[in-house]
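The primary structure of each chain is shown beneath.
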Amino acid sequence: MANVEARKDMKNLANIRNANLAGHVGFDSLPDQLVNKSVADGFFFNILCIGETGIGKSLLIDTLFNTQFDSVPATHDLPNVRLKARTYDLKESNVRLKLTVVDTVGYGDQIDKSDSYKPIVDYIDAQFEAYLQEELKVKRALHSYHDTRIHVCLYFIAPTGHSLKSLDLVTMKKLDTKVNIIPVIAKADTITKAELLKFKQKIMAELVANGVHLYQFPTDDETVADVNSTMNGHLPFAVVGSMDEVKVGNKMVKARQYPWGTVQVENENHCDFVRLREMLLRTNMEDLRENTHAKHYELYRRCKLQEMGFTDNEAMSLQETYEQKRNQHLAELQRKEDEMRQMFVVRVKEKEAELKEAEKELQTKFENLKKMHADEKKKIDDKRRMLEEEAMALQRRKASVANAMSQSSTIGKKKK
């Protein structure tokens with residue numbers, strides 16, 4: 001099928017002819033028109049932060065966008081993982097950005113962590129489903145639709161210096177086909193440079209061994225190919241976040257002050273924060289958005305449409321596919337109706353048989369009780385007859401005794 005489509009595309013390309021313009025037409029301004037329209041409409045960018053409670057997710061986002069977002073510290077006693085989304089309107093120069101930050105509250109705090117990834121997967125799928133439903137509407141408004149699909153997942157890894165936790169591997173494996181994953185080592189100033197280098201190598205080795213696919217910065221554009229290729233070798237980024245400004249030399253810089261020294265957030269010799277910001281916001285933000293739509297959402301959309309019965313069969317139009325699916329649905333409904341009718345008839349017959357059996361049992365019990373009643377009545381009648389006979393015999397004996405006494409009394413008087 002793929003070969004047939006490829007041949008058709010080649011044939012269509014062969015039918016395209018080149019034409020030379022005799023003068024300036026003006027469609028070379030199309031990129032400028034597109035830029036102006038995009039700037040007027042504004043942009044959406046949605047970040048998912050996954051990491052344990054207190055690992056520094058909110059602080060890093062504040063540092064990335066150089067502002068204080070409203071965030072409430074979470075406790076460690078939540079029964080399950082829940083996702084909290086916050087949307088902000090940002091403006092830099094004349095570019096407007098609607099930023100949505102989604103935090104995984106309670107992640108990694110449960111005793112049983114086997115299902116910790118499920119709320120995250122469900123949330124990502126729910127955003128895909130909402131966009132798909134908007135696409136399938138008769139009257140669509142995609143130009144004004146608030147796109148909440150996740151464009152990038154910053155996965156925060158605890159700076160243990162040893163290896164990834166099983167929860168990290170399971171979660172990233174479940175998400176790598178749904179979202180662009182960029183792993184970051186949080187609080188990287190808590191381990192030495194040598195330990196950090198070994199930790200990075202071990203993390204990447206474990207991810208490769210477990211088949212986890214991370215987002216790779218694109219290298220097909222010559223203007224950013226070199227820097228993106230270099231940055232791919234720096235994954236995972238070791239970051240430090242801070243909104244505190246410390247005076248270093250003659251200037252104020254964002255840093256973390258310790259008794260033993262100062263860790264500068266924007267110093268590449270201290271951490272990878274600048275590299276992360278450069279790759280995430282300044283170089284590859286649009287690629288993250290495009291990759292989400294063209295790869296992850298397209299995969300979800302294809303699977304959903306296939307479940308609905310749609311295929312890439314060019315021999316059938318959309319109307320024919322719809323009619324076929326409708327007929328199949330009606331046939332399935334008719335089949336279920338017939339099954340329910342047959343089941344109803346069978347249930348009625350079974351119920352009638354049960355009632356007849358119960359009636360038969362009741363009749364048998366009635367006959368037995370009737371017979372027992374007749375036997376008891378006969379016994380009572382026999383006993384009553386015997387008692388009557390005994391009473392009559394007693395009366396006769398009494399009468400004979402009285403007669404005998406009367407006769408003896410008469411004989412006595414005559415002798416006197």
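See the structure printed just above.
In short, a report on the structure. (Residues numbered from 1 in each chain as written. Predicted model: local features only at pLDDT ≥ 70, side-chain atom pairs only at ≥ 80, totals over all residues. Heavy atoms only, no water.)

1. Details of the sheet that holds strand 8 (residues 251-258)
Phase 1: Strand order across the open sheet formed by 3 strands is 7-8-9, with antiparallel pairing between neighbours. A strand with exactly one partner marks an edge of an open sheet, and here the two such strands are strand 7 (245-248) and strand 9 (261-264). Sheet twist, expressed as the mean angle between neighbouring strand axes with direction ignored, is 65 degrees.
Phase 2: As judged from the 4 bridges shared by strand 8 and strand 9, these two strands associate in the antiparallel manner. Each bridged residue has a counterpart across the sheet, and for Y258 the counterpart in strand 9 is G261. (Pairing = 2+ DSSP bridges. Helix = DSSP H or I, 4+ residues; strand = E, 2+ residues; numbered from the N terminus. Axes fitted to C-alpha atoms, helices over the stretch in contact; angles between N-to-C directions.)

2. What about the pairing of strand 5 (residues 181-185)?
Phase 1: When you tally the buried positions in strand 5, you get 5 out of 5 residues, the bulk of the element.
Phase 2: Because side chains alternate across strand 5, one face comprises the buried residues I181, P183 and I185, and the other comprises I182 and V184, equally buried.
Phase 3: One ladder, built from 5 bridges, connects strand 4 (residues 152-157) with strand 5; its direction is parallel. Bridged to I157 within strand 5 is I185.
Phase 4: Between strand 4 and its parallel partner strand 5, the chain crosses via helix 5 (residues 166-175), and the hand of that crossover is right-handed.
Phase 5: Across 2 bridges, strand 5 lies against strand 6 (residues 237-238) in parallel orientation. Within strand 6, the position partnered with I185 by the bridge is A238. (Buried < 20%, exposed > 50% of the residue type's maximum accessible area, 1.4 Å probe, protein only. Right-handed = clockwise from strand over helix to strand, strands pointing away.)

3. Section: unusual backbone geometry
A negative phi angle is the norm for most residues apart from glycine, just as the trans form is the norm for most peptide bonds.
Phase 1: Look at the link from L235 to P236: it is a cis peptide, with omega at -10 degrees.
Phase 2: Positive phi outside glycine occurs at N66, with the angle close to 55 degrees.
Phase 3: In this structure, N66 sits in the loop between helix 3 (57-65) and strand 2 (82-92).
Phase 4: Even without being glycine, S93 reaches a positive phi, approximately 60 degrees.
Phase 5: Relative to the elements of secondary structure, S93 occurs in the loop between strand 2 and strand 3 (95-105).

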